[in-house]
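# Structural description and commentary
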Amino acid sequence: MSFEKLKVIILTHQDIDHIGSIPEILQECGSKIKVYAHDLDKPYIQGELSLLKDGHLETPPKGKVDETLKDGQELPYCGGIRIIHTPGHTPGHISLYLKQSKTLIAGDSMYSENGIIKGIHVPTVLDIKEARLSLKKYLDLEIESVVCYHGGLSKVNIHDQIQKVVSC
Ligand SMILES: [Zn+2]
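The model shown is predicted, which means the values in this text are computed figures rather than measured ones.

### Details of the overall build of the protein
For the protein, the helix and strand inventory stands at five helices and eleven strands. Dimensions of the protein, computed from the C-alpha atoms along their principal axes, are close to 45 × 35 × 30 Å. Per-residue burial over the protein gives 32% buried out of 168 residues. Restricting the contact set of the protein to residue pairs at least 6 apart, pairs at least 24 apart contribute 60%.

Okay, structure coming up:
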């Protein structure tokens, strides 16, 4: 695959499986790609602080963040993307709401299995209280589909499914 068409990367948070190969990709086609992330996770992504969950790595990734994102901010891609700050899994975790397709990119704020939203993944959460409050933010949105990084796509009765995981 060519990275020629890649213009923007939005990182939901600092975990290593989300930073992925960004340092290598940027080395290849650096200045053409703009990287976004939340302010609170930026220093970890840039390698200025040890990753909160993968601090043991001998060579932590050194990415770069060009622009930081705030709760409620909108980006002009894909018909408009609203940024939702959803801390808990990490302090700077964000979720993305794609307005046109009513799709929620939930990152690791929740996980799913076979299209069923299972809620917060407790073993990898840093602040469970915050994580619960974050999920409540989704109830205000009209969501048709959710993409969890771990578990993939859910498309049925999203509001009810989220209501269920928020109340338990
Ligand atoms: Zn994660």
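### Here's the deal with the nonpolar core
Counting 29 residues, the largest nonpolar core has Ala 37, Leu 104 and Val 146 as the members making the most contacts within it. Within the residue set of this core, elements represented by two or more residues are β2 (34-38), α3 (42-45), β5 (81-85), β6 (94-98), β7 (103-107), α4 (128-136), β10 (145-148) and α5 (158-166). For Ala 37, the contacting residues outside a window of four places in its chain are Leu 11, Lys 42, Ile 45, Val 65, Thr 68, Leu 69 and Gly 92.

### What to know about α5
Every buried residue of α5 is accounted for by Ile 158, Gln 161 and Ile 162. Looking down the long axis of α5, one finds its buried residues gathered within 95° of arc, a one-sided arrangement.

### A look at the sheet that holds β2
With parallel pairing, the three strands of this open sheet are ordered in space as β1-β2-β3. The two strands at the open ends of the sheet, each matched to only one other strand, are β1 (8-10) and β3 (67-69). Between one strand axis and the next, the sheet turns through 25° on average, direction left out of account. Two elements, β2 and β3, share three bridges in a ladder whose sense is parallel. Within β3, the position partnered with Ala 37 by the bridge is Thr 68.

### Considering the pairing of strand β9 (residues 116-119)
In this structure, strand β8 (residues 111-113) lies alongside β9, joined through three bridges in antiparallel fashion. Bridging across to β9, Ser 112 finds its partner in Ile 117. The turn joining β8 and β9, which pair antiparallel and follow one another in sequence, is formed by two residues; a positive phi near 50° is taken by Asn 114.

### Quick word on unusual backbone geometry
Phi is positive for Cys 78, which is not a glycine, with a value near 55°. Inspection of the secondary structure assignment puts Cys 78 in the loop between β4 (74-75) and β5. Accessibility expressed as a C-beta count within 10 Å gives 14 for Cys 78, which makes it partly exposed. Phi at Asn 157 is positive, roughly 45°, even though this residue is not glycine. Tracing the chain through its elements places Asn 157 in the loop between β11 (152-154) and α5.

### Comments concerning the sheet that holds β11
Pairing in this open sheet of six strands is mixed, and the strands run β4-β5-β6-β7-β10-β11 from one edge to the other. Unpaired on one side and paired on the other, β4 and β11 mark the two borders of the sheet. Direction of pairing for β6 relative to β7: antiparallel, over a ladder of three bridges. Bridge pairing links Leu 96 to Ile 105 in β7.

What counts as what
- Residues numbered from 1 in each chain as written.
- Predicted model: local features only at pLDDT ≥ 70, side-chain atom pairs only at ≥ 80, totals over all residues.
- Helix = DSSP H or I, 4+ residues; strand = E, 2+ residues; numbered from the N terminus.
- Buried ≥ 20, exposed ≤ 12 C-beta atoms within 10 Å, placed from the backbone.
- Contact = placed C-beta atoms within 7 Å.
- Core = buried A, V, L, I, M, F, W, Y, C linked by C-beta atoms within 7 Å.
- Arc of directions from axis to C-beta.
- Pairing = 2+ DSSP bridges.
- Axes fitted to C-alpha atoms, helices over the stretch in contact; angles between N-to-C directions.

These values are about where atoms sit, not about what they do.
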